[in-house]
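Architecture at a glance
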Amino acid sequence: MKLVTVAQMREIEKEADANGLPYAEMMENAGRGLAEIVNEIAFDDEWEEVLGLVGPGNNGGDTLVALTHLVEEGWHARAYVVKRKKKDDLVTRFVEAGGEVTFAETDKDFSALGMCFESADILLDGLLGTGIKLPLKAEISAVLEQSLFIMSDMDNPPYIIAVDCPSGVDCDTGEAALECLPADLTVTMAAVKRGLLKLPAFEFVGDLALVDIGLPDDLASFYDLKTEVADHELVSGLLPERALDSHKGTFGTALIAAGSINYTGAALLAGMAAYRSGAGLVTMAVPSPLHSVLAGQLPEATWILLPHDMGNISGSAAEALTKSLESASALLVGPGLGLEAKTKEFLEGLLTGKSNAKKQTSQIGFVHKEMKDDVSVNLPPMVVDADGLKLLAKISDWHMKLPPLSVLTPHPGEMSVLTGLPKDEIQKDREAVASKYAKEWGHVVVLKGAFTVIAAPNGQLTVIPVASPALARAGTGDVLAGLIVGLRAQGLDAYDAAVAGAYIHAEAGLLAAEDLGTTASVMASDILNSVVDVISDLE
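1. Considerations on the overall build of the protein
For the protein, the count of helices and strands is 20 helices and 21 strands. The C-alpha atoms of the protein give 26 Å as radius of gyration, which agrees with the globular expectation for 539 residues (24 Å, within 12%). Each principal axis of the C-alpha atoms in the protein carries an extent, and together these give about 80 × 50 × 50 Å. By residue count, 57% of the 539 residues in the protein fall in the buried class. Surface summary for the protein: the accessible area is close to 22,500 Å², and the carbon and sulfur share equals 49%. The average position of the 40 basic charges and that of the 76 acidic charges among the side chains of the protein differ by 11 Å.

2. Regarding the nonpolar core
Membership of the largest hydrophobic core comes to 64 residues, with the highest contact counts inside it found for Ile256, Ile454 and Ile504. For this core, the leading source of residues is helix H19 (residues 494-516), giving 13 residues. Residues within four places of Ile454 in sequence aside, it is in contact with Val444, Val445, Val446, Gln460, Leu461, Thr462, Ile464, Tyr495, Ala498, Val499 and Ala502.

3. Description of the packing of helix H9 (residues 264-276) against helix H18 (residues 476-489)
Closest axis-to-axis distance for the H9/H18 pair is 7 Å, and the angle between their directions is 40°. Read as a crossing pair, H9 and H18 show a hand that is right-handed. Along its contact with H9, which presents Ala266, Leu269, Ala270, Ala273 and Ala274, the element H18 presents Asp478, Val479, Gly482, Leu483, Val485 and Gly486. Here the contact of H9 with H18 is composed, by residue class, of 8 nonpolar, 2 polar and 1 charged.

4. Considering H19
End to end, H19 covers 33 Å across 23 residues, agreeing with the expected 33 Å (1.5 Å per residue, within 8%). The N-cap of H19, judged by a side-chain oxygen 3.2 Å from the amide nitrogen of Tyr495 a few residues on, is Asp493.

5. Notes on the sheet that holds strand E6 (residues 159-163)
Whenever strands of a sheet pair, they do so through backbone hydrogen bonds, lying parallel or antiparallel. A sheet is described by the order of its strands in space; here 7 strands give the open sequence E4-E3-E2-E5-E6-E7-E9, paired in parallel fashion. This sheet does not close on itself; its edge strands, each paired only once, are strand E4 (100-103) and strand E9 (207-211). Along the sheet, successive strands turn relative to each other by an average axial angle of 20°, direction set aside. The sheet contacts of helix H3 (residues 58-72) involve strand E2 (49-54), strand E3 (76-81), strand E5 (122-126), E6 and strand E7 (185-189), and relative to E2 the element is tilted by about 160°. Each of E3 and E4 is contacted by helix H4 (residues 89-97), which is oriented at about 140° to E4, the strand it contacts most.

6. Some points on the sheet that holds strand E11 (residues 253-257)
Read from one edge of the open sheet, 10 strands run E10-E21-E20-E19-E18-E17-E16-E11-E12-E13, paired in mixed fashion. Single-partner strands in this sheet number two, and they are strand E10 (227-229) and strand E13 (302-306). Averaged over all adjacent pairs, the angle separating strand axes in this sheet is 15°, with direction ignored. In this sheet, strand E16 (residues 330-333) lies alongside E11 in parallel orientation, the contact comprising 4 bridges. Across the sheet, Ala254 pairs through a bridge with Ala330, a residue of E16.

7. Some words on the packing of aromatic side chains
Scanning the model with the defined rule gives 5 aromatic pairs in all. Cluster of aromatic residues (ring-pair linked, three or more members): Trp398, Tyr437 and Trp441. Directly above the ring of Tyr437 sits Lys436, whose terminal nitrogen or CZ lies 4.2 Å from the centroid.

8. Structural notes on the pairing of strand E12 (residues 281-287)
The buried fraction of E12 amounts to 6 of the 7 residues, a majority that puts the element mostly inside the structure. For the crossover from E11 across H9 to E12, the handedness is right-handed.

9. Points about the environment of Ser536
You can see Ser536 is positioned in helix H20 (residues 524-538). When its relative accessible area of 47% is taken as the criterion, Ser536 is described as partly exposed. Each C-alpha atom of the pair Ser536 and Glu11 lies 39 Å from the other, and the pair is 525 residues apart in sequence.

Calculation rules
- Residues numbered from 1 in each chain as written.
- Predicted model: local features only at pLDDT ≥ 70, side-chain atom pairs only at ≥ 80, totals over all residues.
- Heavy atoms only, no water.
- Helix = DSSP H or I, 4+ residues; strand = E, 2+ residues; numbered from the N terminus.
- Rg over C-alpha atoms; globule rule 2.2 N^0.38 Å.
- Buried < 20%, exposed > 50% of the residue type's maximum accessible area, 1.4 Å probe, protein only.
- Areas by Shrake-Rupley, 256 points an atom, 1.4 Å probe, with all protein chains shown as cover.
- Lys, Arg positive; Asp, Glu negative; His and termini not counted.
- Charge placed at Lys NZ, Arg CZ, Asp CG, Glu CD.
- Core = buried A, V, L, I, M, F, W, Y, C linked by side-chain atoms within 4.5 Å.
- Contact = heavy atoms within 4.5 Å.
- Axes fitted to C-alpha atoms, helices over the stretch in contact; angles between N-to-C directions.
- Left-handed = near helix turned anticlockwise from the far one by under 90°.
- Nonpolar A, V, L, I, M, F, W, Y, C, P; charged D, E, K, R; others polar.
- Expected span 1.5 Å × (residues − 1).
- Polar contact = N/O pair within 3.5 Å; in protein donor to acceptor, adjacent residues only side chain to side chain.
- Pairing = 2+ DSSP bridges.
- Phe/Tyr/Trp six-rings, centres within 6.5 Å; stacked < 30°, edge-to-face > 60°.
- Lys NZ or Arg CZ within 6 Å of the ring centre and 35° of its normal.
- Right-handed = clockwise from strand over helix to strand, strands pointing away.

Take a look at the structure:
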């Protein structure tokens, strides 16, 4: 799914119209697709009554087209029309098909609106479109407020589907009117409007679905867009195939250097997540005192016991780990390492060496800068997380010492350490910041948080459409890092592994909260356990 501003969407529609796809046909395609989604949702529950709140704009038109198709398929459909001409061709077509229409100007006390709601199984919210500005006009506001009041008294209020966007949401800024109807599902047309993935608007969006409005394949204004929203279809297509004749070597070896005496669990969570992602073998490189604690919890792993200094990885550990790099398909460094000076020496020693490295070109078209003579070319594809990022920031030219297209997974605080920017500045424009530094550093950046952003050096961006306190818990980042390195070990390129890992992680958080009945009690281990169900659903 593409992510667009309102202005970009208008340009896309304008270009499509100029290239032989008239606005009327786009609306017809949108309404037909919306009706198909309504039928899919209603099938199991045998719903047959639908009400549409129809406004004067294109979303109202999409709603009328959908209602007409639903009437023709046997639904009992009503339209409550606000500020739209009575002689509108779409209204006429709906009535001729057998639909019932009430015009708001004839319903001063909202008694007719109340009757429309009484038997509705589904409510299509097509009152307002993407171009609104707050505050709402009085007539529109009154209809929304009354709708909320009516539904608050209903034992079984209708399932609400927002058409393109919930009415009352600013689709650029993410602002939302207080009287906005909270949707169970938002069916967006052609592309996701940027404001839907901002707060507070996102609180009204519910689930997201996309309708194809038939845009031509060669439409430059649409297909040149580089920002996507991750969804089930996208991520499902990224996961590696698992042939029947596979063996553990087929799915790679994830090598994880992690843990310290104070953060033992971080290594465990990362290692288990790498296995849950599908990696064939996970090798854990940990300070030797941690082995006895962890080995019984993760019997499937192999172990490299690293020299330590009071339970923290020591500087001399780099040599011990380097001996095992040849067998690793991907390397994760960082979870629970701690910030001791000796551990920084370990990371610096791991990254430096002597080599005449040549330029390397990635699968996503980025040419890494000329690497210095003291850079090791023997490092496998790399993921750096947590304390590893903070330690990197203390190493000069660190981004040049990493293997090309490493994956960096900072939360805003760690991004602040890496960039020197205040956290508030990072959070104001997460996409721009992630993109700027992905390009500058030459690595894939996973900027964690609400609506995690994945940025590639070539300008490609993906946003994860999830914001949930279920993910705001210690250890969840270790799970994410483990998922990414596990996918990287299986052969996914850096960007795809980051997108798939972040999506699986976010969906697992939502599923864990659903299973527990609350976001407050979700632990990182709950998210880890839910990864199985998410991947199973994607396969």
